[in-house]
Amino acid sequence: MTFKYLLLFLLYFVQGIPYGLQSGLLPIYFRTVGVSFTKISLARLLYLPWILKVLWAPFVDWYFTKKIWLLLTMWGLALTCLACSLLTPEVDFLWVAIILLLMNLFASVQDVAVDGVAIQLLGHEEVGFGNSIQVVAYKLGSVLAGGGLLAFLHHLGWRALFVYLALLYVVAIIFTSKFHLRSPSQDSHAKDTNLSLWDLLHELLLVPDTPWTAGLILIYKLGEQGSVSMFPLFLLDHGFSPQKLGFWNGIVATVFSITGSSLGGHLTSKNRNSRLLQTLLTLRFCNLLFQTWVMVTYTNKAVAFEVLSARGCPS
């Protein structure tokens, strides 16, 4: 049983690496080598495979086994990391972007396969603990790539960074290959269904409140990602070092994020009414307003609190 949880932890951990890499480390690194805000913003389009994963998710269920999909995608991630290590981002930005797009494609397929493995391995009474493993491991992988590695990037360098990430995926491949999962006959029962891909999408949209929920998440994520991705670049342009950003925006922020996720899960399990959601969204909105205020009032390296104090002091 311990080995089962360890496998899930490792799989979700390596699954979080591409997100942390592209949301935390790479935008700051690109900015330090002179890549424009326009290119960094357009790089968000590289997340497209995550949006489209609903199109190939059924095929992961219908064909082969989850273990095969896991091994294929992790080999793909290891190879894309090695390919990135051979490039110079400030010179080969287009090729780096193409490889990152492939990395997101492999990671999105892996996401479907890992969730399928979790469903296979966990009993009904283990789902809660398994969900905690998912959240914590994914965010730890994200903070390693987006915060921890950023803090040491000036020591490692671009090439060594991606070589180490490739080796980490190889370790995950070896560990996964030793674990026995269901046989193809057990794992591929879903492909016997008469529903086509479009039928499945149609059935999904018929679930009550699905369009409304999807719209809410889309709008929320647009605001959140804009804040999460651009605010560190603003701080970088105003004198913060990548090492400080790696620590505060990567490690410390993720600790608070994990704490908030745990607290949010506890609160929603106790109270499922809409007022709780409204309260949490209001708090998040206040946070975004505060960040906007800091950006407006932050001039000449005078923090917003100093500006506020200066305004409040009598002349």
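In this text the structure is predicted, and so the values were computed from the model without any measurement. Within any chain, residue numbers begin from 1 and follow the written order of that chain's sequence. In keeping with the predicted nature of the model, local features appear solely for residues at pLDDT of at least 70, side-chain atom pairs appear and are counted solely at 80 or more, and the whole-chain, interface and lining totals rest on all residues. With hydrogens and water set aside, each side-chain value is computed from the structure's full complement of heavy atoms.

Attention now goes to the nonpolar core. Core analysis: the largest hydrophobic core is formed by 65 residues, its most contacted members being Leu25, Phe30 and Phe162. The way it works is that DSSP assigns letters per residue, a run of H or I at least four long becomes a helix, a run of E at least two long becomes a strand, and they are numbered from the N terminus. Counting residues per element, this core draws most heavily on helix 1 (residues 2-32), which supplies 15 residues. Those residues in contact with Phe30 that lie beyond four places of it in its chain are Val35, Ile40, Pro89, Phe93, Val96 and Trp158. As used in this record, nonpolar core signifies buried Ala, Val, Leu, Ile, Met, Phe, Trp, Tyr and Cys residues forming a set joined through side-chain atoms within 4.5 Å. Only protein chains enter the accessibility calculation, which uses a 1.4 Å probe. A residue is then buried if its area is under 20% of the maximum for its type, exposed if over 50%, and partly exposed in between. Here, two residues are considered to be in contact whenever any of their heavy atoms come within 4.5 Å of each other.

Attention now moves to the UniProt feature "transmembrane region" (unreviewed entry) in the protein. UniProt positions are given in the numbering used here, feature names are shortened, and annotations may be inferred rather than shown by experiment. What UniProt calls "transmembrane region" (unreviewed entry) maps, in this numbering, to residues 68-88, 94-114, 135-155 and 161-181. A distance of 32 Å separates the end C-alpha atoms of residues 68-88, which is 86% helix and 0% strand. Summarising residues 135-155: 95% helix, 0% strand, and an end-to-end C-alpha distance of 29 Å.

A cluster of nonpolar side chains, contributed by Phe59, Tyr63, Phe64, Ile68 and Leu72, occupies part of the molecular surface with about 470 Å² of accessible area. With respect to the helices, strands and loops of the structure, Leu72 is situated in helix 4 (residues 66-85). Overall, the relative accessible area of 49% leaves Leu72 in the partly exposed class. The patches reported here contain residues having more than 30% relative accessible area and no salt bridge. Joining distances are 9 Å for like charges and 5 Å for nonpolar side chains (Val, Leu, Ile, Met, Phe, Trp, Tyr). Exposure was quantified through the Shrake-Rupley algorithm and a 1.4 Å probe, taking into account, for residues, occlusion by the shown protein chains and nothing else. Only one rule defines a salt bridge in this text: a Lys or Arg side-chain nitrogen within 4 Å of an Asp or Glu carboxyl oxygen.

Interaxial distance between helix 4 and helix 5 (residues 93-121) falls to 8 Å at its minimum, and their mutual angle equals 155 degrees. Relative to helix 5, helix 4 is oriented roughly antiparallel. Note that helix 4 runs across helix 5; the crossing there is left-handed. Taken together, the residues that form the contact of helix 4 with helix 5 break down as 17 nonpolar, six polar and one charged. Angles here are taken between N-to-C directions and fall from 0 to 180 degrees, while the axes themselves are lines fitted to C-alpha atoms, restricted in helices to the stretch in contact. Angular relationships are summarised with four words: roughly parallel below 35 degrees, roughly antiparallel beyond 145, roughly perpendicular across 65 to 115, and oblique for the angles in between. It is the rotation of the near helix from the far one that decides the hand of a crossing: anticlockwise by less than a right angle makes it left-handed, clockwise makes it right-handed. All residues other than Ala, Val, Leu, Ile, Met, Phe, Trp, Tyr, Cys, Pro, Asp, Glu, Lys and Arg, Gly among them, are scored as polar; the first ten of these are nonpolar and the last four charged.

This brings us to the pattern of salt bridges. Evaluation of the coordinates by the stated rule reveals two salt bridges. Of the charged contacts in the structure, one is a salt bridge between Asp111 and Lys53, with a shortest N-O distance of 2.1 Å. Taken together, the residues span a long stretch of sequence, with Asp111 in helix 5 and Lys53 in helix 3 (residues 48-62) at a distance of 58 residues. In this structure Asp111 comes out as buried when scored by relative accessible area, which is 7%. When the shortest N-O distance is used, the salt bridge between Lys66 and Asp61 registers 3.4 Å.

Turning to empty space enclosed by the protein, a few remarks are in order. Empty pockets left among the atoms are what a rolling probe the size of a water molecule brings to light. Buriedness for pockets is judged along seven lines, at least five of which must meet protein on both sides within 12 Å for an open set on the 1 Å grid over protein atoms alone, while cavities are sets there where a 1.4 Å probe fits but cannot get out, and lining residues have an atom within 4 Å of a point. Grid points are joined across faces, edges and corners, and a volume is the space filled by probe spheres set on the points. By the definition in use, this model includes one cavity of 30 Å³ or more. Here the largest cavity is characterised by a volume of approximately 90 Å³. For the largest cavity, the full set of lining residues is Gln22, Leu26, Pro27, Phe30, Ile40, Ala43, Arg44, Leu46, Tyr47 and Leu100. With four residues, the top contributor of residues to the lining of the largest cavity is helix 1.

This next bit is on the packing of aromatic side chains. A pair of Phe, Tyr and Trp rings is counted when the ring centres sit within 6.5 Å of each other, with Trp represented by its six-membered ring. The angle between the planes then sorts it: under 30 degrees is stacked, over 60 is edge-to-face, the rest tilted. All chains considered together, the criterion is met by 12 aromatic pairs. When the ring of Tyr19 is compared with that of Tyr47, the centres are 6.3 Å apart and the planes differ by 45 degrees; the resulting orientation is tilted. Residue Tyr19 is found in helix 1, and its partner Tyr47 is found in the loop between helix 2 (37-42) and helix 3; the two are separated by 28 residues along the sequence. Looking at Tyr19, the relative accessible area reads 26%, which means it is partly exposed. Given a relative accessible area of 15%, Tyr47 falls into the buried group. Taking 5.8 Å as the distance between ring centres and 45 degrees as the angle between the ring planes, the aromatic pair formed by Phe290 and Trp293 counts as tilted. Here the residue Phe290 and the residue Trp293 both occupy positions in helix 13 (residues 274-297), the gap between them amounting to three residues, near one helical turn. What makes Trp293 partly exposed here is its relative accessible area of 30%.

Next up on the list: unusual backbone geometry. Positive phi outside glycine occurs at Phe64, with the angle close to 60 degrees. Of note, Phe64 is situated in the loop between helix 3 and helix 4. On the accessibility criterion, Phe64 (48% relative accessible area) is partly exposed.

What follows is about the side chain of Ser85. Note on placement: Ser85 falls in helix 4. Classification of Ser85 as buried rests on a relative accessible area of 4%.

Now for the state of the cysteines. Disulfide assignment relies on a single distance test, namely cysteine sulfur atoms paired within 2.5 Å. Under the defined criterion, the tally for this structure stands at zero disulfides. Sulfur of Cys84: no disulfide; nearest cysteine sulfur belongs to Cys81 and is 6.8 Å away. Using a relative accessible area of 0% as the deciding quantity, one classes Cys84 as buried.

Relative to the 36 Å expected for 25 residues at 1.5 Å per residue, helix 6 (residues 127-151) spans 35 Å between its end C-alpha atoms, a close match to the ideal helical length. Note on bend: at a given residue it equals the angle between the axes fitted to the 7 residues ending there and to the 7 starting there. Approximately 40 degrees is the largest bend angle found in helix 6, and it occurs at Leu144. Expected helix span is taken as 1.5 Å per residue step, with the number of steps being one fewer than the number of residues.

Quick look at the packing of helix 4 against helix 8 (residues 158-177) now. Between helix 4 and helix 8, the least distance of the axes is 8 Å, while the angle of their chain directions is 165 degrees. Relative to helix 8, the element helix 4 is oriented roughly antiparallel. Pair helix 4 / helix 8 crosses with left-handed handedness. Each of Lys67, Leu70, Leu71, Met74, Trp75, Leu77, Ala78, Cys81, Leu82, Cys84 and Ser85 in helix 4 lies in contact with helix 8, whose residues at this interface are Trp158, Arg159, Phe162, Val163, Leu165, Ala166, Tyr169, Val170, Ala172, Ile173, Thr176 and Ser177. For the contact of helix 4 with helix 8, the per-class residue count stands at 18 nonpolar, three polar and two charged.

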